[in-house]
Amino acid sequence: MSTPAARPTTSPTVLALDVGGTDIKAAVVGEHGMVVRTTVPTRTADREPLDSVLLAAHRLWESVPAGYHVTGLGIATPGIVDDEDGVVRGAENLGWREVPLRSLLEEELGVPVGIGHDVRAGGLAEWRLGAGRGAGDHAFVAVGTGIAASVVLHGAVYAGGGWAGEVGHGGRTTGEPCACGGRGCIETYASAAGIARRYTARTGVHVPGAREVLERAQAGDVVAADVWAHGVDGLGELVAGLVRTLGLRLVVVGGGLVRAGDALLDPLDAAVRRYLTVHPVPELRPAGLGSDAGTYGAALLGWGASGRGTLTDLVVPV
Ligand SMILES: [Zn+2]
């Protein structure tokens, strides 16, 4: 008498890629969290960013452990990203213009691909898995090398054709020249990079980042204190603008600058209050996923593309 052959049962996973200017963070993400993770330099002497994306995807695929199978891929990139068409309209630091990333990857790998903007993906992850879990309408503001926001409205991350949340540039006509061609953009003085650069410009002292400016301010350096306060004031004006436009009651603050903790959030709360009169002051909440937010966001995009809907029970190490 023969017994039916045992059907192999494997668990679904997605490949998740978070493309940054320096590194691509890559992970195989299963239903209960990351299974494998690795990093690939975005650009080397003999490799362009698109080739690095393909390399990272193939390397991940080959690293999927026994007992798992790949159902999709999610990728988060900087720039102007049209999530619906699956096209990166432009990403200056990657040298991309009108790159049909979704169809390229689907042809290469043969699985469904979801693509999205890195900060919107990070906001998606914070909403589903991190500090914004369970929240209604709210914003995620990421302050790192640049500044961008992701807005959750009516139960979805609002993309605006790729333009929503691109708050780092524009809005001023005077001030320090910005890489975008404008002047006085908030990124020039309130991003982590901008705070460090402004301190160096005023003192001639090179500092590696905003953290050192904060440390100097806390040690009594009046220029450092002024540069820090000016940056935080700008962020307060920015958050207040989101609240004034959208009536948000919660703003999750992420990106590298939030590692300063209360040294950022306390004066930021005061700054937001300065720029609001009739509106309720929103709760400011530090992000929960740190530098993994983009990778988890990419994984969620991959799960969505694979038709498995949303994933809300990932076990995320905190
Ligand atoms: Zn600018």
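Rules used throughout
Residues numbered from 1 in each chain as written. Predicted model: local features only at pLDDT ≥ 70, side-chain atom pairs only at ≥ 80, totals over all residues. Heavy atoms only, no water. UniProt positions renumbered as here; feature names shortened; annotations may be inferred. Donors = N, O, S within 2.8 Å, 3.2 Å for Na, K, Ca; no water. Tetrahedral: all angles 85-135°; square planar, octahedral: opposite > 155°, others 65-115°. Buried < 20%, exposed > 50% of the residue type's maximum accessible area, 1.4 Å probe, protein only. Domains from an automatic or database assignment. Contact = heavy atoms within 4.5 Å. Buried area = accessible area lost by both parts, 1.4 Å probe. Salt bridge = Lys/Arg side-chain N within 4 Å of Asp/Glu carboxyl O. Nonpolar A, V, L, I, M, F, W, Y, C, P; charged D, E, K, R; others polar. Helix = DSSP H or I, 4+ residues; strand = E, 2+ residues; numbered from the N terminus. Core = buried A, V, L, I, M, F, W, Y, C linked by side-chain atoms within 4.5 Å.

An unreviewed UniProt entry annotates the chain as Glucokinase originating from Luteimicrobium subarcticum. Among the UniProt annotations of the chain, the heading Sequence similarities (unreviewed entry) holds the following wording: "Belongs to the ROK (NagC/XylR) family."

Okay, the coordination of the zinc ion next. Six octahedral donors at a metal ideally form angles of 90 or 180 degrees, and four tetrahedral donors ideally form angles of 109.5 degrees. Looking at the zinc ion, one finds its protein donor set to be His169 (ND1), Cys178 (SG), Cys180 (SG) and Cys185 (SG), positioned 2.0 to 2.4 Å from the metal centre. Because the angles between the 4 donor atoms bound to the zinc ion fall within 100 to 124 degrees, the donor set is best described as tetrahedral. Here the donor residues of the zinc ion are spaced in sequence according to H-x8-C-x1-C-x4-C. Owing to a relative accessible area of 13%, cysteine 178 belongs among the buried residues under this scheme.

Interface size is commonly expressed as the accessible surface area that is lost when the partners come together. Taken domain by domain, the chain consists of domain 1 (11-122 + 291-305) and domain 2 (133-287). For domain 1 and domain 2, the distance between their C-alpha centres works out to 27 Å. Contacts between domain 1 and domain 2 engage 8 residues on the former and 13 residues on the latter. Among the residues of domain 1 in contact with domain 2, Ile80, Val119 and Arg120 are the three that bury the most area, contributing 69% of the side total. Across the domain 1-domain 2 interface, the total number found is 0 salt bridges. When its residues are assigned to classes, the side of domain 1 that touches domain 2 shows 3 nonpolar, 3 polar and 2 charged.

This part covers the environment of glycine 261. Inspection of the secondary structure puts glycine 261 in the loop between β12 (250-254) and α8 (262-274). For glycine 261, a relative accessible area of 22% translates into the label partly exposed. With 24 residues separating them along the chain, glycine 261 and arginine 285 place their C-alpha atoms 10.0 Å apart.

Looking now at the nonpolar core. With 39 residues, the main nonpolar core has Trp228, Leu235, Leu257 and Leu264 as its most contacted residues. The set of elements that each furnish at least two residues to this core consists of β9 (138-143), β10 (147-153), α4 (187-190), α5 (192-203), α6 (210-218), α7 (222-246), β12 and α8. Examining the composition of this core, we find that 10 residues originate from one element, α7, more than from any other. Sequence-distant contacts of leucine 235, defined by excluding residues within four places in its chain, comprise Val143, Ile147, Ile186, Ala190, Leu257, Leu264 and Leu268. Listed in part, the 27 residues of the second largest apolar core include Ile24, Val28, Leu94 and Ile115.

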